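# Structural features, examined
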Amino acid sequence: MAEPVRMPIESGCPDPIQYMHPTMRRNYGQWAYHDRPRPGVLHHTSKYNEEVWTVRCGTQRQMDVYTIKKLADIADEFGDGYIRFTIRSNVEFMVDTEAKVNPLIEALESAGFPVGGTGPTVSMISHTQGWLHCDIPGTDASGVVKALMDELYEEYKKEEMPNRVHMTTSCCQINCGGHGDIAINIQHTKPPKINHDLVANVCERPTVVARCPVAAIRPAMVNGKPTLEVDEKKCICCGACFPPCPPMQINDPEHSKIAIWIGGKHSNARSKPSFQKLVAAGLPNNPPRWPEVGAVVKKILAVYKADARDWERVGEWVERIGWPAFFEKTGLPFTKFHVSDWKGTRHQLNSSAYIRF
């Protein structure tokens, strides 16, 4: 008998049980162990000796209908008709017999979807909307992902890293991409340029004033027209004023730069969750391939791969060797901008009478 469909609600995710493979549904919460027969394949065995194989492949996050239909057709023809999309833009196909695994992998890779991303690999890069859909982008997050994954293709397919590497990209400093082992974010380095003729017609000024996190914006009159002004000594160039007031243009082809941060971690395995820290700034926002960004990311990954111990995440590796050794090994310049001198992080600073680094 068919299960009753749950009534829709106004918030929250849909019930995942209804979309699960029947073997997973029968053994939900009853798994005895799992292993990885090869990169990109997960094998779960339940307490009742039922098995399910999961094949993971990488895709672009921004998908057209044609691509989604192609993935669904592959699931119907070579799998059991069940797929799921992960938070990092991977697609997972579930099958109940090992004989279906290799034909499924061959079908995916012949269609251009690389199989991998499990275990100690460079997983797919999570990212924000970028130029396609965001109201405050300084760069194209999905474009940076495409350029990087083209160069890290083999690291996605092979499990050769010390531990998993989660990478993120964000098209502004609000950092919707989240914290990652390596993160690529845009940084605006100049305050917004204000078109005073348009502010009164387009912007709700109290909303814009309230949006600024450092109270750097205040009402003003210019040429007899109500507008806004920015206290540049307070402004942190975050860009939060731009969405509610487009005449406060913060994006600039010369002064909007890309920065790379490392060491972010959400899990509490082996060490506490951690925030990412700045290691490179002022990189050109240079579409469509961002070669300068790719060079720095590949250098960090190469040193991490050669120097880290098994199971160490990027941040844990740096904490072990120390930040001076990180900059020495990677060859990245250390500048005054890498020093965390914000008064809100005073608890992190050295507090003795001795100066040390």
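As annotated in an unreviewed UniProt entry, the protein carries the name Dissimilatory sulfite reductase beta subunit and is attributed to Bathymodiolus thermophilus thioautotrophic gill symbiont.

### Some thoughts on the packing of helix 8 (residues 291–307) against helix 10 (residues 323–330)
The N-to-C vectors of helix 8 and helix 10 enclose an angle of 115°; their axes lie 10 Å apart at closest approach. Regarding the angle of helix 8 to helix 10, the classification is roughly perpendicular. For the pair helix 8 and helix 10, the sense of crossing is right-handed. Between helix 8 and helix 10, the residues in contact are K299, I300, V303 and D307 and F326, K329 and T330, respectively. Tallied by class, residues from the contact of helix 8 with helix 10 come to 3 nonpolar, 1 polar and 3 charged.

### Side note on helix 9 (residues 314–321)
Among all positions of helix 9, only V314, G315, E316, W317 and V318 are buried. Against the buried residues of helix 9 lie strand 13 (256–262), helix 8 and helix 10. G322, located one to two residues past helix 9, shows a positive phi value of around 90°.

### Quick look at helix 2 (residues 65–78)
Taking 1.5 Å of rise per residue, the 14 residues of helix 2 would be expected to cover 20 Å, and the 20 Å separating its terminal C-alpha atoms lies within 8% of that figure. The inward-facing, buried residues of helix 2 abut strand 4 (83–85), strand 5 (90–95) and helix 3 (101–110).

### Concerning the state of the cysteines
Within this structure, the stated rule accounts for 1 disulfide. A disulfide bridge connects C203 with C245, and the sulfur atoms are separated by 2.0 Å. Every disulfide takes its handedness from the sign of the S-S torsion; for C203 and C245 that torsion is 80°, giving right-handed. Of this pair, C203 sits in the loop between helix 6 (196–202) and helix 7 (205–211) while C245 sits in the loop between strand 11 (225–230) and strand 12 (248–249), and the two are 42 residues apart along the sequence.

### With respect to the sheet that holds strand 8 (residues 182–188)
Strand order in the open sheet made by the 5 strands is 6-7-8-13-14, with mixed pairing throughout. The sheet terminates laterally at strand 6 (126–127) and strand 14 (277–283), the two strands that pair on one side only. Taken together, the 7 bridges between strand 8 and strand 13 define a ladder with antiparallel strand orientation. Directly across from I184, in strand 13, lies its bridge partner I260. Packing against the sheet, helix 4 (residues 141–151) makes contact with strand 6, strand 7 (167–170) and strand 8, and its axis sits at approximately 145° to strand 7. Where helix 10 meets the sheet, it contacts strand 13 and strand 14, and its direction lies at approximately 35° from that of strand 14.

Parameters and conventions
Residues numbered from 1 in each chain as written. Predicted model: local features only at pLDDT ≥ 70, side-chain atom pairs only at ≥ 80, totals over all residues. Heavy atoms only, no water. Axes fitted to C-alpha atoms, helices over the stretch in contact; angles between N-to-C directions. Helix = DSSP H or I, 4+ residues; strand = E, 2+ residues; numbered from the N terminus. Parallel < 35°, antiparallel > 145°, perpendicular 65-115°, else oblique. Left-handed = near helix turned anticlockwise from the far one by under 90°. Contact = heavy atoms within 4.5 Å. Nonpolar A, V, L, I, M, F, W, Y, C, P; charged D, E, K, R; others polar. Buried < 20%, exposed > 50% of the residue type's maximum accessible area, 1.4 Å probe, protein only. Expected span 1.5 Å × (residues − 1). Disulfide = S-S within 2.5 Å. Pairing = 2+ DSSP bridges.

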